[in-house]
Amino acid sequence: MELTPSQARQTLTGLRLAIGSAVWLAPRQTARLFGLDPAENPATPYVARLFGARNVAIGAVLLDGDDAELDRWLGYGIALDAADALASLGGGIRGYLPKRAAVMTGLTAAAAIALGLVARER
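A brief structural summary. Computed from a predicted structure; not experimentally measured.

1. Considerations on the pattern of salt bridges
Piece 1. Within the structure shown, the criterion is met by three salt bridges.
Piece 2. Among the salt bridges present, the one from aspartate 84 reaches arginine 54, with a minimum N-O distance of 2.4 Å. You can see aspartate 84 sitting in helix α4 (residues 67–94) and its partner arginine 54 sitting in helix α3 (residues 44–64), a full 30 residues away along the chain.
Piece 3. The salt bridge involving arginine 120 is made with aspartate 71; its shortest N-O contact spans 3.1 Å. In this pair, arginine 120 sits in helix α5 (residues 99–120) while aspartate 71 sits in helix α4, placing the two residues 49 residues apart along the sequence.
Piece 4. Residue classification places arginine 120 among the partly exposed positions, given a relative accessible area of 36%.
Piece 5. Residue classification places aspartate 71 among the partly exposed residues on the basis of a relative accessible area of 27%.

Okay, here's the thing in structure tokens:
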């Protein structure tokens, strides 16, 4: 079964809103799900909430934007997710991100990139 652009956009929108909200509302708990230890870095909730707010904002535009807006914001999301994937890779290689966290965050970013690319196909 092939994922249609509409299905990809709906899935990506839901994931951005769900993950973004969860991260913003419960940053320590979601950080642990991604393999991070907030006890080791007390700034984790602050940084997590930046990530969460960004994803909720993009999800909101994807939920209610016109075609031109959707295409533009899908592109912004792909660029941000690529930056996230590179940060995950760099953090894993340099050792300042635990391997599990590098894999979890990297796979999440890669999945968002893939969904964004499919959603942009028309």
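What follows picks up the thread again.
2. Description of the packing of α3 against α4
Piece 1. Where α3 meets α4, the axes come as close as 9 Å, and the angle between the chain directions of the two elements is 155°. In terms of their interaxial angle, α3 and α4 are classed as roughly antiparallel. Handedness of the α3/α4 crossing: left-handed. Between α3 and α4, the contacting residues are Phe51, Arg54, Ile58, Val61 and Leu62 on the first element and Leu70, Trp73, Leu74, Gly77, Leu80, Asp81 and Asp84 on the second.

3. A word on the side chain of aspartate 81
Piece 1. Topologically, aspartate 81 is positioned in helix α4.
Piece 2. Overall, aspartate 81 belongs to the buried group, its relative accessible area being 4%.
Piece 3. The residues touching aspartate 81, leaving out its near neighbours within four places in the chain, are Arg16, Arg54, Ala109, Ala112 and Ile113.

4. Some remarks on the nonpolar core
Piece 1. Listed in full, the nine residues of the largest apolar core are Ala8, Leu12, Ile58, Leu62, Leu70, Leu74, Ala112, Leu115 and Ala119.
Piece 2. Looking at this core, the elements with two or more residues in it are α1 (5–25), α3, α4 and α5.
Piece 3. For this core, the element with the highest residue contribution is α5, accounting for three residues.
Piece 4. Not counting residues within four places of it along the chain, the set of residues in contact with leucine 62 comprises Arg9, Leu12, Thr13, Arg16, Leu70, Trp73 and Leu74.

5. Here's the deal with the packing of aromatic side chains
Piece 1. By the definition in use, this model includes one aromatic pair.
Piece 2. A ring pair is formed by tryptophan 73 and tyrosine 76, whose centres lie 4.9 Å apart and whose planes are at 85°; its orientation type is edge-to-face. Here tryptophan 73 pairs with tyrosine 76, and both are found in helix α4, just three residues apart, close to one helical turn.
Piece 3. Over the ring of tryptophan 24 we find arginine 49; its NZ or CZ atom is 5.0 Å from the centre of that ring.

Cut-offs and rules
- Residues numbered from 1 in each chain as written.
- Predicted model: local features only at pLDDT ≥ 70, side-chain atom pairs only at ≥ 80, totals over all residues.
- Heavy atoms only, no water.
- Salt bridge = Lys/Arg side-chain N within 4 Å of Asp/Glu carboxyl O.
- Helix = DSSP H or I, 4+ residues; strand = E, 2+ residues; numbered from the N terminus.
- Buried < 20%, exposed > 50% of the residue type's maximum accessible area, 1.4 Å probe, protein only.
- Axes fitted to C-alpha atoms, helices over the stretch in contact; angles between N-to-C directions.
- Parallel < 35°, antiparallel > 145°, perpendicular 65-115°, else oblique.
- Left-handed = near helix turned anticlockwise from the far one by under 90°.
- Contact = heavy atoms within 4.5 Å.
- Core = buried A, V, L, I, M, F, W, Y, C linked by side-chain atoms within 4.5 Å.
- Phe/Tyr/Trp six-rings, centres within 6.5 Å; stacked < 30°, edge-to-face > 60°.
- Lys NZ or Arg CZ within 6 Å of the ring centre and 35° of its normal.

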